[in-house]
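Coordinates in review
So the chains spell out like this:
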Amino acid sequence: MTPPSPPSTSRFRRGPLAIAGLSALATALVVAGCSFQSPADKDRGRSLFTERCGTCHALAQAGTQATIGPDLDAAFAQARRDGFDSDTIKGVVKAQVENPRPSTTNPAISMPADLVKGKDLSDVAAYVASVAGVAGAKPPVAPGGPGGQVFANNGCGSCHTMQAAGTSGTTGPDLDKTLKGKPASYVEESIVDPNAEIAPGYPPNVMPSTFKGLPPDQLKQLVAFILKSVNSGK
């Protein structure tokens, strides 16, 4: 999810944003009359971004720090300085998700097309356009201290229900039920190796294995937060 660069340049090897390519795409979108008329839910877009995009992209306001794909703050900061408004950036994001460039079969070089679609894409694009490259952007403060912040920043609530975090996701199991009474080692394994033991009623490979890349201090904070939350019943 990044503005385009010359075809011969890998999006994971280039440095600063190729502004000429971005300008060309933005102009084409405006000429084509590309717009987002239906209301977009930026809060929902943030949750979707952390779940679907944050495992590869850094974005300060989302609290994501992945380095597989480009840092979206760095990618769009120059565009904002050059006068691109949020509507234009939104169109660029949408176009890049629908038709990633460069397009290859190697996931280490380009992301899959249509990672999000329809209303999901509109919400994600609106969210990214509202925060990417904005100076001083940072995640909203989440309940639960440092561990609660890690939980929120990594989009855990978009898939899981946990009362203490105020989340109601249903893609994955209800953490208040499945982790109550479990030891810290079990909770940690569930985060870093989610296929090690699959919760009844859920298929494998639903939860990404990328959380094994969490910094050790954040992983420790997250496990402590979950254990305290599910065992206190609050």
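Quick caveat, the model's predicted, so the values are computed rather than measured.

Concerning the overall build of the chain
Check the secondary structure of the chain and you find 9 helices and 4 strands. For the chain, the succession of helices and strands along the chain, N to C, is α-α-β-β-α-α-α-α-β-β-α-α-α. Across the 234 residues in the chain, those meeting the buried criterion constitute 45%. Accessible area for the chain stands at about 11,800 Å²; split by element, carbon and sulfur atoms hold 56% of it.

Things to note about the pattern of salt bridges
Note that side chains of opposite charge can pair when their charged atoms are close. Under the definition given, this model contains 5 salt bridges. In this structure, R44 engages D120 in a salt bridge whose closest nitrogen and oxygen atoms are separated by 2.4 Å. Of this pair, R44 sits in helix α2 (residues 42-53) while D120 sits in helix α5 (residues 118-131), and the two are 76 residues apart along the sequence. On the basis of relative accessible area, D120 is assigned to the buried category, the value being 19%. Note that K90 and D87 form a salt bridge whose closest N and O atoms lie 3.4 Å from each other. Here K90 and its partner D87 are both found in helix α4 (residues 86-98), 3 residues apart, which amounts to about one turn of the helix. Salt bridges here are not isolated pairs; linked through shared partners, they connect R44, K119, D120 and D123.

Description of unusual backbone geometry
Here the phi dihedral of N205 falls at roughly 65°; this positive angle occurs in a residue that is not glycine. Along the polypeptide, N205 turns up in the loop between α8 (184-192) and α9 (216-232).

Observations concerning the side chain of D120
Within the structure, D120 has its side chain in polar contact with the side chain of R44 (distance 2.4 Å). Setting aside residues up to four positions removed in sequence, D120 forms contacts with R44, L48 and R52.

Some points on a negative patch on the surface
A surface patch of like charges, here negative, comprises E188, E189, D193 and E197. The topology assignment puts D193 in the loop between α8 and α9. Overall, the relative accessible area of 38% leaves D193 in the partly exposed class.

Cut-off values and rules
- Residues numbered from 1 in each chain as written.
- Predicted model: local features only at pLDDT ≥ 70, side-chain atom pairs only at ≥ 80, totals over all residues.
- Heavy atoms only, no water.
- Helix = DSSP H or I, 4+ residues; strand = E, 2+ residues; numbered from the N terminus.
- Buried < 20%, exposed > 50% of the residue type's maximum accessible area, 1.4 Å probe, protein only.
- Areas by Shrake-Rupley, 256 points an atom, 1.4 Å probe, with all protein chains shown as cover.
- Salt bridge = Lys/Arg side-chain N within 4 Å of Asp/Glu carboxyl O.
- Polar contact = N/O pair within 3.5 Å; in protein donor to acceptor, adjacent residues only side chain to side chain.
- Contact = heavy atoms within 4.5 Å.
- Patch = residues over 30% accessible without salt bridge, like charges linked within 9 Å, V, L, I, M, F, W, Y side chains within 5 Å.
- Lys, Arg positive; Asp, Glu negative; His and termini not counted.
- Charge placed at Lys NZ, Arg CZ, Asp CG, Glu CD.

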